[in-house]
Amino acid sequence: MKIAIDVTPLNDNRLLSHRVRGTGFYIQNLNKSLLEFFPENEYTFFSRGEKLDKDIELVHYPYFEPFFLTLPFSEKYKRVVTVHDLTPLVFPEHFPSGIKGKIKWQIQKSNLLKSNIVLTDSHSSKKDINKYAGIVAEKIDVAYLAAGGEFRKLEIGNWKLEIRDKYKLPKQFILYVGDVTWNKNLPRFIKAVSGIDVPLVLVGKTLTETNFDKFNSWNQDLLETQKLISENNKITALGFVTTDDLVRLYNSASVFVMPSLYEGFGLPILEAMQSGCPVITSREGSLPEVAGEAAHYVDAYNTKSIAEGINEVFENSKLQTKLSEKGLDQAKKFTWKNTAEKTIEVYKRVVNI
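Scope of this entry: the structure provided in the associated data block. (Residues numbered from 1 in each chain as written. Predicted model: local features only at pLDDT ≥ 70, side-chain atom pairs only at ≥ 80, totals over all residues. Heavy atoms only, no water.)

What about helix 6 (residues 123-133)?
Those residues of helix 6 not exposed but buried are S124, S125, D128, I129 and A133. In a view along the axis of helix 6, the buried residues occupy a sector of 135 degrees, so they form one face of it. Those residues of helix 6 that are exposed and angled more than 90 degrees off the buried face are K127 and K131. One or two residues past the end of helix 6 sits G134, with phi positive at roughly 75 degrees. (Buried < 20%, exposed > 50% of the residue type's maximum accessible area, 1.4 Å probe, protein only. Helix = DSSP H or I, 4+ residues; strand = E, 2+ residues; numbered from the N terminus. Arc of directions from axis to C-beta.)

Here's what the structure looks like:
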C-alpha cells in the first residue's frame, strides 16, 4: 500500500504544544511502529500544503481538534482520521468554544464525516464520536495506545538518589504527570493531598507556565492550581522534564495518581505501570479500559475519597507491591505493535472499499 501520513504537528512551530503533549508522541510512535513492523508498505510523511503523488492510496490525518481547522475541505484520496477524544464537547460548560469555535466545529465535523474510517484510542471515545460527531459506529475503530519502550522498571542503582538531589525531592512522594485542564481535576486533587499532608510532585509543561491568558475559561483550573501549589510547601511543581528523568520519577514515586474527571485514554497510567509504579485513578471516561483491575480506584468528584485512597496506598507497602505487580502485567496488554497492526487493518479495509 502507498500511504501518506500527515505529520504537521511535528514540523509546525505553531503546533508546538502537540509535540510536547500526546499527539506528537502518538504520531512519532505510530510512524516508527509502522516502519518497523510493516516495512512492505510505502509511507509518505508530509506536512500540510505539500503536494502528494497521484498514486497515493490513502491519507491518514493522525490528529484532530474540534475547534481548530485541522482537516482539508476536500480530499481526492481515501481518508482515515484519528480523533483522540472529544472531551470539550462532552463538557461544554467547562470548555466554552465561543462563536468562532462553534463555527469551526461545524466545519470540522463536516470534514470528519467525509472520512472513510475514524480511528480512536478507546471505546469511551468511540461512543463520544458517535454521539457528538454523528459518525456511525461501524465507521469508528478503536486502536489502543501504549507507553514508550523507555518506560520500564529500573535496576537498583544511584539513579534514585541522583533524581532526588536534582529536584530536591523527599524520599517518599506521590506523583502526577499531565496537563492542567478542568477534566484533570487538579484543584480537588491538591486539596485532598493537602488534607492528609503527603508530599506531592507534579510534572507537566503547563504547571510552571506564566505566559498564558488568565481570563480564558479553559485556564481557570491552571490559575487555581498554581495558587494552591504556592500555598503548600509539600508540593513540588517541576514543569516539563526529560523522558529519562520522567522514567526515574515514576520509579521513585510511592504511587502515581491520575484522579481525572474524564480522559480519552490516559497514557500516563501505562507509563507508570510499565515503570512498576502503583496507580490510583478514577472510573471516569476511558480510565477503567486502560487500568483494568490493576489500579486502586477513587471517586474523582469526592475529595474525601481521593484523600482516603491516597492515604491507604501511600501507607501500605504490601498494597504498593501488589499494585505494582498487577500494573506490570496490565501494561503488557498494550504495545505499539498491536497499535500498528490495528492501524494497518484499517488501512487495508479502506483501500479495498
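Some points on the sheet that holds strand 10 (residues 255-258)
Strand pairing in a sheet relies on backbone hydrogen bonds, with the paired strands running either antiparallel or parallel. Spatially, 9-8-7-10-11-12 is the arrangement adopted by the six strands of the open sheet, whose pairing is parallel. On the outer flanks of this sheet lie strand 9 (235-239) and strand 12 (296-297), each paired with one strand and no other. Pairing between strand 8 (residues 200-203) and strand 9: four bridges, direction parallel. By the bridge assignment for strand 9, V201 is matched with T236. Seen against the sheet, helix 10 (residues 243-252) touches strand 7 (174-177), strand 8, strand 9 and strand 10 and runs at an angle of roughly 145 degrees to strand 7. (Pairing = 2+ DSSP bridges. Contact = heavy atoms within 4.5 Å. Axes fitted to C-alpha atoms, helices over the stretch in contact; angles between N-to-C directions.)

A short note on the layout of surface pockets
Put simply, the second largest pocket is a space of about 360 Å³. Considering the residues around the second largest pocket, the lining is formed by 20 residues, among which K153, N251, A253, G276 and S324 are closest to the centre. Mapped by element, the contributors of at least two residues to the lining of the second largest pocket are helix 7 (159-167), helix 10 and helix 14 (317-331). (1 Å grid on protein atoms, 1.4 Å probe; cavity = no way out; pocket = protein on both sides within 12 Å on 5 of 7 lines; lining within 4 Å. Points joined across faces, edges and corners; volume = space filled by probe spheres on them.)

What to know about the side chain of N251
Among the secondary structure elements, N251 is positioned in helix 10. A polar contact is formed between the side chain of N251 and the backbone nitrogen of L154, at a distance of 2.8 Å. Every residue in contact with N251, bar those within four places of it in the chain, is listed here: R152, K153, L154, W159, K160 and S275. (Polar contact = N/O pair within 3.5 Å; in protein donor to acceptor, adjacent residues only side chain to side chain.)

Quick word on the pattern of salt bridges
Evaluated as defined, the whole model comprises 13 salt bridges. Among the salt bridges present, the one from K227 reaches E231, with a minimum N-O distance of 2.6 Å. E231 gets classed as exposed once you look at its relative accessible area, which sits at 52%. Salt bridges here are not isolated pairs; linked through shared partners, they connect D141, K342, E345 and R349. (Salt bridge = Lys/Arg side-chain N within 4 Å of Asp/Glu carboxyl O.)

Section: helix 8 (residues 186-196)
The set of residues buried in helix 8 consists of L186, P187, F189, I190, A192 and V193. For helix 8, the elements touching its buried residues are strand 7, strand 8, helix 9 (220-230), strand 9, strand 10 and helix 13 (303-314). At the C-terminal side of helix 8, D197 shows a positive phi close to 60 degrees.

Some details on the environment of S122
Among the structural elements, S122 can be located in the loop between strand 5 (117-120) and helix 6. For S122, a relative accessible area of 0% puts it in the buried group. For S122 and G264, which are 142 residues apart along the polypeptide, the C-alpha to C-alpha distance reads 6.6 Å. Non-local contacts of S122, meaning those with residues more than four positions away in its chain, are made with V142, Y144, G264, S286 and E289.

Description of unusual backbone geometry
Phi is positive for K168, close to 55 degrees, though the residue is something other than glycine. Relative to the helices and strands, K168 resides in the loop between helix 7 and strand 7. Unlike most non-glycine residues, D197 shows phi in positive territory, near 60 degrees. Looking at where D197 falls in the secondary structure, it is placed in the loop between helix 8 and strand 8.

What to know about the sheet that holds strand 3 (residues 58-61)
Strand order in the open sheet formed by six strands is 2-1-3-4-5-6, and the pairing between neighbours is parallel. Of all the strands in the sheet, the pair left with one neighbour each is strand 2 (42-46) and strand 6 (140-142). If you compare each strand with its neighbour and ignore which way they point, the axes differ by 25 degrees on average. Sheet topology places strand 1 (residues 2-6) next to strand 3; three bridges connect them, and they run parallel. From the neighbouring strand, I5 faces strand 3, where its bridge partner is H60. Contacting strand 5 and strand 6, helix 6 runs over the sheet at an angle of about 165 degrees to strand 6.

Comments concerning the nonpolar core
Judged by nonpolar contacts, the single largest core of 62 residues is most densely connected at L175, V203, L249, F256 and I269. With seven residues, helix 15 (residues 336-351) is the single largest residue contributor to this core. In contact with L249, other than residues within four places in its own chain, are I163, L169, F173, L175, V203, L238 and V241. Judged by nonpolar contacts, the second largest core, of 28 residues, contains F189, I190, A192 and L228. (Core = buried A, V, L, I, M, F, W, Y, C linked by side-chain atoms within 4.5 Å.)

Here we look at the side chain of T339
In this structure, T339 sits in helix 15. Looking at T339, the relative accessible area reads 1%, which means it is buried. Dropping the residues within four chain positions of it, T339 is found in contact with Y144, L145 and A146.

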